[in-house]
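Each chain, letter by letter, is given below.
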Amino acid sequence: MSPTYPLVLDLDGRRAVVVGGGPVGARRTTGLLEAGAIVTVVAPALCEDLAVLVDDGRLTWLPREYAEGDLAGAWLVQAATADAEVNATVAADAERAGIWCVRADDARTSAAWTPATARVDDITVAVSASRDPRRARAVKDRIAVKLQTGELPLRRVRRKRTGHVALVGGGPGDPGLITTRGRRLLADADVVVVDRLAPRALLDELDPEVEVIEAGKGPQAHTLSQLEINDLLVERARAGQRVVRLKGGDPFVFGRGAEEALACAEAGIPCEVVPGVTSAVAVPAAAGIPVTHRGVTRQFTVISAHSAHPGEGPDWASLAAVEGTLVFLMGVSQLPLVVEGLRAHGRSPATPVAVIERGTLADQRTTTGTLETIVATATERGVRSPAVIIVGEVVTVAEELATVVRRP
Ligand SMILES: C[S@@+](CC[C@H](N)C(=O)[O-])C[C@H]1O[C@@H](n2cnc3c(N)ncnc32)[C@H](O)[C@@H]1O
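Anyway, here's the lowdown on the structure attached to this text. Predicted model only: the values in this text are computed from it and were never measured.

Rules used in this analysis
Residues numbered from 1 in each chain as written. Predicted model: local features only at pLDDT ≥ 70, side-chain atom pairs only at ≥ 80, totals over all residues. Heavy atoms only, no water. Near = heavy atom within 4 Å. Polar contact = N/O pair within 3.5 Å; in protein donor to acceptor, adjacent residues only side chain to side chain. Areas by Shrake-Rupley, 256 points an atom, 1.4 Å probe, with all protein chains shown as cover. Helix = DSSP H or I, 4+ residues; strand = E, 2+ residues; numbered from the N terminus. Buried < 20%, exposed > 50% of the residue type's maximum accessible area, 1.4 Å probe, protein only. Pairing = 2+ DSSP bridges. Lys, Arg positive; Asp, Glu negative; His and termini not counted. Salt bridge = Lys/Arg side-chain N within 4 Å of Asp/Glu carboxyl O. Axes fitted to C-alpha atoms, helices over the stretch in contact; angles between N-to-C directions. Contact = heavy atoms within 4.5 Å.

1. Let's talk about the site of the ligand
Consideration 1: Residues in contact with the ligand amount to 18 residues; listed here are only the nearest, P172, V253, T278, S279 and A387.
Consideration 2: One of the backbone nitrogen or oxygen atoms of M330 is found 2.8 Å away from an oxygen atom of the ligand.
Consideration 3: Within the backbone of G359, an N or O atom sits 2.7 Å from a nitrogen atom of the ligand.
Consideration 4: Calculation on the ligand without its partners gives an accessible area of 580 Å², and the protein chains cover 90% of this total.
Consideration 5: Mapped by element, the contributors of at least two residues to the shell around the ligand are α8 (279-286) and β17 (387-391).

Set out below in structure tokens:
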């Protein structure tokens with residue numbers, strides 16, 4: 001048998017006929033309508049999906065059996081009845097009239113096939129596999145996932161010059177914990193402005209011509225000031241580039257993402273915010289600590305322990321009184337103050353504490369103790385930033401979960 005000949009059809013404004021009013025006819029009709037075809041459905045009765053399309057005035061319905069002449073003026077026919085004889089008649093009429101006909105019931109006798117199709121942005125991938133639709137679908141699904149996750153290249157070489165900024169939450173560090181949306185935008189970026197705690201392994205996958213700009217943002221080391229970052233994002237988008245601002249965790253959790261989004265809004269630059277998996281929840285989880293647990297606590301509070309000036313830290317009296325788990329970010333250098341603040345306002349010295357460094361990464365490390373012991377233990381073990389500090393009874397759940405929780 002000769003190999004088939006793939007084509008992409010422009011059906012916009014062209015007539016297509018679907019013979020058959022069941023679910024297969026409905027699926028084919030939907031695809032044709034999406035392609036802009038003017039569709040006539042021939043069938044004595046319609047399934048619900050097709051009936052809705054008729055009610056909405058999206059197609060013409062001939063409420064009867066198929067008859068000779070129904071294909072007049074058509075470019076494409078879908079023979080999708082449950083009756084093989086009718087489908088064969090439709091296919092024979094189409095062949096005589098020189099119209100391509102897809103038979104839904106019998107690929108072997110069909111003149112054309114509807115491939116398994118994946119569409120991501122403006123890319124269409126159609127897969128046909130020796131008239132075996134199940135195999136074609138399986139291959140198409142694998143390709144679709146790779147396109148959606150940005151594993152296959154989506155970058156447009158000759159793109160329209162409309163710039164765009166995406167504030168992408170990269171998750172806590174493991175490259176597998178970014179969202180598929182974030183990964184896709186990264187695969188389409190011209191320039192990536194990246195934070196120190198973003199999942200840096202993803203940078204290795206970028207095309208060589210993608211520019212990577214370090215924004216820094218360590219506890220004491222800011223390569224660029226926030227204003228400089230805002231200006232950079234706006235300036236690059238104005239120049240027509242697709243800018244991804246890749247951040248650790250979620251852009252709106254102590255990530256200054258809202259300031260960047262506002263800067264874009266003020267400059268009239270389109271900006272998309274892609275949420276990320278925040279370290280406040282994911283890092284404890286990676287260490288087997290649930291921030292809430294039935295019978296232990298039903299609430300958790302996330303606090304920045306960072307204070308730019310002495311005496312400017314959290315309100316310890318209120319925090320010590322809050323029920324449930326306390327999750328401190330940016331807290332390693334402040335650990336003695338955290339302990340002192342909570343103990344001074346009534347938290348028991350026996351309260352469990354865990355400090356998790358470099359959560360979800362290969363060298364993740366957990367240090368546990370109590371409000372009484374944690375400062376000495378952390379000092380002894382040389383605990384360093386980045387780390388998440390968890391205070392509360394949930395820390396003890398980790399021991400029970402230790403055998404079942406596996407790190408990504
Ligand atoms: C400026 S905040 C940014 C938080 C981020 N936007 C988020 O949602 O996770 C930085 C702090 O997040 C925490 N952090 C981020 N990634 C971490 C990781 N992989 N392991 C431990 N802590 C982490 C540390 O407390 C660090 O000091």
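2. Examining the pairing of β17
Consideration 1: In terms of residue burial, β17 counts as a mostly covered element, since 5 of its 5 residues are buried.
Consideration 2: In β17, alternate side chains face the same way, and those of A387, I389 and V391 on one face and V388 and I390 on the other are all buried.
Consideration 3: Bridge count for strand β14 (residues 325-329) against β17 is 3 bridges, and the pairing is antiparallel. By the bridge assignment, V327 is partnered in β17 with I390.
Consideration 4: The sheet contact formed by strand β15 (residues 352-357) and β17 spans 5 bridges and is antiparallel. Each bridged residue has a counterpart across the sheet, and for A354 the counterpart in β17 is I390.

3. Considering the pairing of strand β11 (residues 242-247)
Consideration 1: The buried fraction of β11 is high, at 5 of 6 residues.
Consideration 2: Strand direction decides the pairing type here: strand β8 (residues 164-169) and β11, joined by 6 bridges, are parallel. Bridge pairing in β11 links A166 to V244.
Consideration 3: Two strands pair when backbone bridges link them, and strand β9 (residues 191-195) and β11 are joined in this way by 4 bridges, in the parallel orientation. Considered in β11, the bridge of V193 is made with R245.

4. Structural notes on the side chain of R347
Consideration 1: Position of R347 relative to the elements: it lies in the loop between α10 (335-344) and β15.
Consideration 2: Summary of buried charges: R347 has no salt-bridge partner, and the nearest side chain of opposite charge, E393, is 7.5 Å away.
Consideration 3: Reaching out from R347, the side chain makes a polar contact with the backbone oxygen of V322 at a distance of 2.5 Å.

5. Examining the sheet that holds β17
Consideration 1: If you walk across this open sheet you meet the 5 strands as β13-β14-β17-β15-β16, and the pairing is mixed. The open sheet has two free edges, formed respectively by β13 (300-304) and β16 (365-370), since each of these has just one partner strand. Along the sheet, successive strands turn relative to each other by an average axial angle of 20°, direction set aside.
Consideration 2: Summarising the sheet, β15 and β16 pair through 6 bridges and their orientation is antiparallel. Bridged to P352 within β16 is T370.
Consideration 3: Each of β13, β14, β15 and β17 is contacted by α8, which is oriented at about 80° to β17, the strand it contacts most.
Consideration 4: Sheet strands in contact with α10 are β14, β15 and β17, and its direction is about 150° off that of β14.

The values reported here are purely geometric and, on their own, carry no functional implication.
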